[in-house]
Amino acid sequence: MVDNIKTNVLIIGSGPAGYTAAIYAARANLKPNLISGLDPGGQLTITTDVENYPGYENVIQGPWLMEQMKEQALKVGTEIHNDLVTEINFNSFPFYAKTDSGLLFETKTVIISTGAQARWLNLESENRFKGFGISACATCDGFFFKDKNVIVVGGGNTAVEEALFLTNFASKVTLIHRREKLRAEKILQDRVFNNKKIEILWNNKVKEFVGDENPISLKKVILENTKDGSETSLETSGAFIAIGHDPATSLFKDKIEMDKENYIITKPDSTETSIKGVYAAGDVKDKIYRQAVTAAGMGCMAALEAEKYLAELN
């Protein structure tokens, strides 16, 4: 027998956007249900030192911050389900969502905060040093590489922007690209070519990351030439993987309006999607900032908009 749960607000996803939406919705006495998904806490759970989230004088840990948000959401009355949405129906009202464990939710509003995942190189050695020298966010972690040599992997806008940002801290930035021409916009390319701190290694790809195990720290990278297969070694303290992000929106494909990169489209100055009563917050709709604090802000917006919509319904 399927358990049927009726709710005013169903929040799908449990990063800063989802938890913040839950806190605001619960405080408005909307009794929200939150489904945490496969990776509760989102990308912050693989981020060690967090120094740019307002309100903390000292460096805090990403997993700890997400646990605190979760506990706050629970304390004000959110019902959290460690489950995964496998099916959703926006064609009827109320909306329906089914989960992997067999729950069936009937809800008047939906807040989508499923986030996005950075694309990785999928190397075994990459997993070993994630959070210990390897990052996918220069804005988050660049400060920790002050006066050090770092590398950026990629050739598009994201990679070039990361490389330029890192010159504010690093003594040298090496941009590693597997081709002999960048894909980034011309104006960004010009800035890179004119920046004395940036060197570009063309026709190279990362083969392996090498470092110490105790404590874990990245020391160098092994590169393979994409033309002749020759290998070289490059010493580095940090590696930033900038080959793009993928929003976690496959569940909503053909059900809601998205752009060509599968990010959910919302109305200007709003989190409302193409379906009334359905909202999107955080990295699932934000390809520009991708910060915990902006995601949390959008979670707040989504909850307030859902509250207003529900009041109008009643």
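Keep in mind that this is a model prediction, so the values were computed, not measured.

**Here's the deal with helix H7 (residues 292-313)**
Look at H7: 31 Å from first C-alpha to last across 22 residues, which is about the 32 Å you get at 1.5 Å a residue. All of the buried residues in H7 are Ala 295, Ala 296, Met 298, Gly 299, Cys 300, Ala 302, Ala 303, Ala 306, Tyr 309 and Leu 310. Residues of H7 that are buried make contact with strand S1 (3-12), helix H1 (16-27), strand S8 (103-112) and strand S19 (278-280).

**Side note on the layout of surface pockets**
In this model, the second largest pocket occupies a volume close to 310 Å³. Around the second largest pocket, the lining comprises 17 residues; the ones closest to its centre are Arg 119, Thr 158, Ile 243, Gly 244 and Glu 261. A per-element tally of the lining of the second largest pocket places helix H5 (residues 157-166) first, with 3 residues. Looking at the lining of the second largest pocket, its residues break down into 5 nonpolar, 6 polar and 6 charged.

**Quick word on the state of the cysteines**
Applying the stated criterion across every chain, the model contains 1 disulfide. The partner cysteine of Cys 137 in its disulfide is Cys 140, sulfur to sulfur 2.2 Å. A torsion of 70° about the S-S bond marks the disulfide between Cys 137 and Cys 140 as right-handed. When its relative accessible area of 17% is taken as the criterion, Cys 137 is described as buried. The exposure class assigned to Cys 140 is partly exposed, which follows from its relative accessible area of 24%.

**Quick word on the nonpolar core**
Formed by 30 residues in total, the largest nonpolar core has its most connected members in Ile 11, Tyr 19 and Ile 111. Those elements that provide at least two residues to this core are S1, H1, helix H2 (62-75) and H7. If one sorts the elements of this core by residue count, H7 sits on top with 8 residues. Excluding residues within four positions of it along the chain, Ile 11 makes contact with Gly 18, Ala 21, Ala 22, Pro 32, Asn 33, Leu 34, Ile 35, Ile 111 and Ser 113.

**Side note on the side chain of Thr 174**
Checked against the element boundaries, Thr 174 lands in strand S12 (residues 172-176). Given a relative accessible area of 5%, Thr 174 falls into the buried group.

**Some remarks on the packing of H1 against H7**
It is at 7 Å that the axes of H1 and H7 come closest, and there the two elements cross at 35°. As for the relative orientation of H1 and H7, their crossing is right-handed in sense. Contacts between H1 and H7 involve Pro 16, Ala 17, Thr 20, Ala 21, Tyr 24 and Ala 25 on the former and, on the latter, Ala 292, Ala 295, Ala 296, Gly 299, Cys 300, Ala 303 and Leu 304. Taken together, the residues of the contact of H1 with H7 break down into 11 nonpolar, 2 polar and no charged.

**Some words on H5**
Residues spaced three or four apart along an α-helix face the same direction, because each turn holds 3.6 residues. Among all positions of H5, only Ala 159, Val 160, Glu 162, Ala 163, Leu 164 and Leu 166 are buried. Lining the buried residues of H5 we find helix H4 (138-141), strand S11 (149-153), S12, helix H6 (186-193), strand S13 (198-201) and strand S17 (238-241).

**So, a positive patch on the surface**
On the surface, a cluster of positive charge is contributed by Arg 178, Arg 179, Arg 183 and Lys 205. Among the residues examined, Arg 179 registers a relative accessible area of 45% and is labelled partly exposed.

**Remarks on the environment of Ile 241**
The residue Ile 241 is located in strand S17 in this model. With 170 residues separating them in the primary sequence, Ile 241 and Glu 71 have C-alpha atoms 32 Å apart. If we ignore the near neighbours within four places in the chain, the residues touching Ile 241 are Arg 119, Trp 120, Leu 121, Glu 126, Ile 134, Ser 135, Ala 136, Val 153 and Phe 209.

**Brief notes about the side chain of Gln 189**
With respect to the helices, strands and loops of the structure, Gln 189 is situated in helix H6. Among the polar contacts listed, one links the side chain of Gln 189 to the backbone oxygen of Ala 184, at a separation of 2.7 Å. In this structure Gln 189 touches Leu 182, Arg 183 and Ala 184, once residues within four positions along its chain are discounted.

**Observations concerning the packing of H5 against H6**
Axes are the key here: two packed helices are described by the angle between their axes and the distance separating the axes. Where H5 contacts H6, the axes come no closer than 10 Å and their chain directions differ by 35°. Read as a crossing pair, H5 and H6 show a hand that is left-handed. Between H5 and H6, the contacting residues are Asn 157, Val 160, Glu 161 and Leu 164 on the first element and Leu 188, Arg 191 and Val 192 on the second. Looking at the contact of H5 with H6 residue by residue, the class counts come to 4 nonpolar, 1 polar and 2 charged.

Parameters and conventions
- Residues numbered from 1 in each chain as written.
- Predicted model: local features only at pLDDT ≥ 70, side-chain atom pairs only at ≥ 80, totals over all residues.
- Heavy atoms only, no water.
- Helix = DSSP H or I, 4+ residues; strand = E, 2+ residues; numbered from the N terminus.
- Expected span 1.5 Å × (residues − 1).
- Buried < 20%, exposed > 50% of the residue type's maximum accessible area, 1.4 Å probe, protein only.
- Contact = heavy atoms within 4.5 Å.
- 1 Å grid on protein atoms, 1.4 Å probe; cavity = no way out; pocket = protein on both sides within 12 Å on 5 of 7 lines; lining within 4 Å.
- Points joined across faces, edges and corners; volume = space filled by probe spheres on them.
- Nonpolar A, V, L, I, M, F, W, Y, C, P; charged D, E, K, R; others polar.
- Disulfide = S-S within 2.5 Å.
- Core = buried A, V, L, I, M, F, W, Y, C linked by side-chain atoms within 4.5 Å.
- Axes fitted to C-alpha atoms, helices over the stretch in contact; angles between N-to-C directions.
- Left-handed = near helix turned anticlockwise from the far one by under 90°.
- Patch = residues over 30% accessible without salt bridge, like charges linked within 9 Å, V, L, I, M, F, W, Y side chains within 5 Å.
- Areas by Shrake-Rupley, 256 points an atom, 1.4 Å probe, with all protein chains shown as cover.
- Salt bridge = Lys/Arg side-chain N within 4 Å of Asp/Glu carboxyl O.
- Lys, Arg positive; Asp, Glu negative; His and termini not counted.
- Charge placed at Lys NZ, Arg CZ, Asp CG, Glu CD.
- Polar contact = N/O pair within 3.5 Å; in protein donor to acceptor, adjacent residues only side chain to side chain.

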